[in-house]
Amino acid sequence: MCGRYALFRWNRDFAALPGFPADQQAQWNISPNDSVLMLRAEPDGQRTLARARWGLTPPWLTDLSRTPAHARAETVAEQPMFREALRLRRCLLPANGFYEWRGNVRKQPYWLTPGEGASLFFAAIWEAYPVQEQVWLSTAVITQPAASQRRPLILDEAGQAAWLDPETPLHVLQGLLASEPTALRERVLANLVNDPKLNGPECLTPA
């Protein structure tokens, strides 16, 4: 399961998008419940960025200890927790790559990315949670089965446009949800990244 990812590099065009935080810092070890950047499309089609909590929080949720960070691609369209957000509130989470742990006893961390210097976008859904006069945003990553793991659903440019377009019909969304996993490069890492409090380039130290 993708429980950690990183966003530490972005280009000038990305930083020029409306909503890009002036104080945005590199995030090398993003975990569930952290604040993340999400990309949405406004009704006029303009793409904007906003910060959100990684852990979906519908406004009707009363147990805030049960905020899912992931939604399965196979069932997201039917699950009551997710289906309305899939229909109305889709977004993308930008990343440079994500971490994966493998092994039965002593798990080994891996870094997965399309290539050095590349960026990628995870399919995701979002919700707004009102607290008094403040509205908080939250999000969950769509995951799909891949190589005996569950990995984020990564979309190419055409897929990103369709995912963000509010007029995209359900059958097209279902096609994206069922798409083949993206080919990724892997790097075996040292165990430094196992510490969720570590937030620096040493997270990517090779084994």
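Treat the numbers as computed from the prediction; the structure is a model and nothing was measured. Numbering of residues starts from 1 in each chain and follows the order in which that chain's sequence is written. The model is predicted, so local features are restricted to residues of pLDDT at least 70 and side-chain atom pairs to those at 80 or more, both for listing and for counting; the totals for chains, interfaces and linings are taken over all residues. As a rule here, side-chain values come from all non-hydrogen atoms in the structure, and water together with hydrogens is ignored.

### Re the overall build of the protein
Then, number 1: The helix and strand inventory of the protein stands at 4 helices and 12 strands.
Then, number 2: Throughout, radius of gyration means the C-alpha value; the globule benchmark is 2.2 Å times the number of residues raised to the power 0.38. For 207 residues, the compact-globule estimate of 2.2 N^0.38 gives 17 Å, and the C-alpha radius of gyration of the protein, at 17 Å, lies within 12% of that figure.
Then, number 3: If one aligns the C-alpha atoms of the protein with their principal axes, the spans along those axes are about 45 × 35 × 35 Å.
Then, number 4: Any residue under 20% of the maximum accessible area for its type is buried, any over 50% is exposed, and the rest in between are partly exposed; the area is computed with a 1.4 Å probe on protein chains only. Counting all 207 residues of the protein, 48% fall into the buried class.
Then, number 5: Here, residues are in contact when the closest pair of their heavy atoms is within 4.5 Å. Long-range pairs, those at least 24 residues apart, make up 64% of the contacts in the protein with a sequence separation of at least 6.
Then, number 6: In the structure as shown, the protein presents an accessible area of about 10,800 Å², 51% of it carried by carbon and sulfur atoms. Secondary structure counts use DSSP, requiring at least four H or I residues in a row for a helix and at least two E residues in a row for a strand, with both numbered from the N terminus. Surface accessibility follows the Shrake-Rupley procedure with a 1.4 Å probe radius. Residue values consider only the protein chains on display as shielding.

### Digging into the side chain of E100
Then, number 1: Mapped onto the elements, E100 comes out in strand β7 (residues 97-102).
Then, number 2: Here R102 takes part through its side chain, which lies 2.9 Å from a polar atom of the side chain of E100.
Then, number 3: With sequence-adjacent residues up to four places away left out, E100 is seen in contact with Q108, P109, Y110, L112, Q149 and R151. In the analysis that follows, any N or O atom pair within 3.5 Å is treated as a polar contact, provided that within protein one partner can donate a hydrogen and the other can accept it, and provided that, for residues neighboring in sequence, both atoms belong to side chains.

### Thoughts on the packing of helix α3 (residues 157-164) against helix α4 (residues 170-177)
Then, number 1: Between N-to-C directions, angles cover 0 to 180 degrees, with each direction set by a line fitted to C-alpha atoms, over the stretch in contact for helices. Viewed as axis vectors pointing N to C, α3 and α4 meet at an angle of 135 degrees, and their least axial separation amounts to 10 Å. By the angle between their axes, α3 is oblique relative to α4. Note that α3 runs across α4; the crossing there is left-handed. Residues G159, A162 and W163 of α3 touch α4, and the partners they reach there are V172, L173, L176 and L177.
Then, number 2: Residues that form the contact of α3 with α4 fall into these classes: 6 nonpolar, 1 polar and no charged. Any angle from 65 to 115 degrees is called roughly perpendicular, while one under 35 is roughly parallel, one over 145 is roughly antiparallel, and all others are oblique. By definition, any crossing whose near helix is turned counterclockwise from its far helix by less than a right angle is left-handed, and any crossing with a clockwise turn is right-handed. Gly is placed with the polar residues, together with every amino acid not listed as nonpolar (Ala, Val, Leu, Ile, Met, Phe, Trp, Tyr, Cys and Pro) or charged (Asp, Glu, Lys and Arg).

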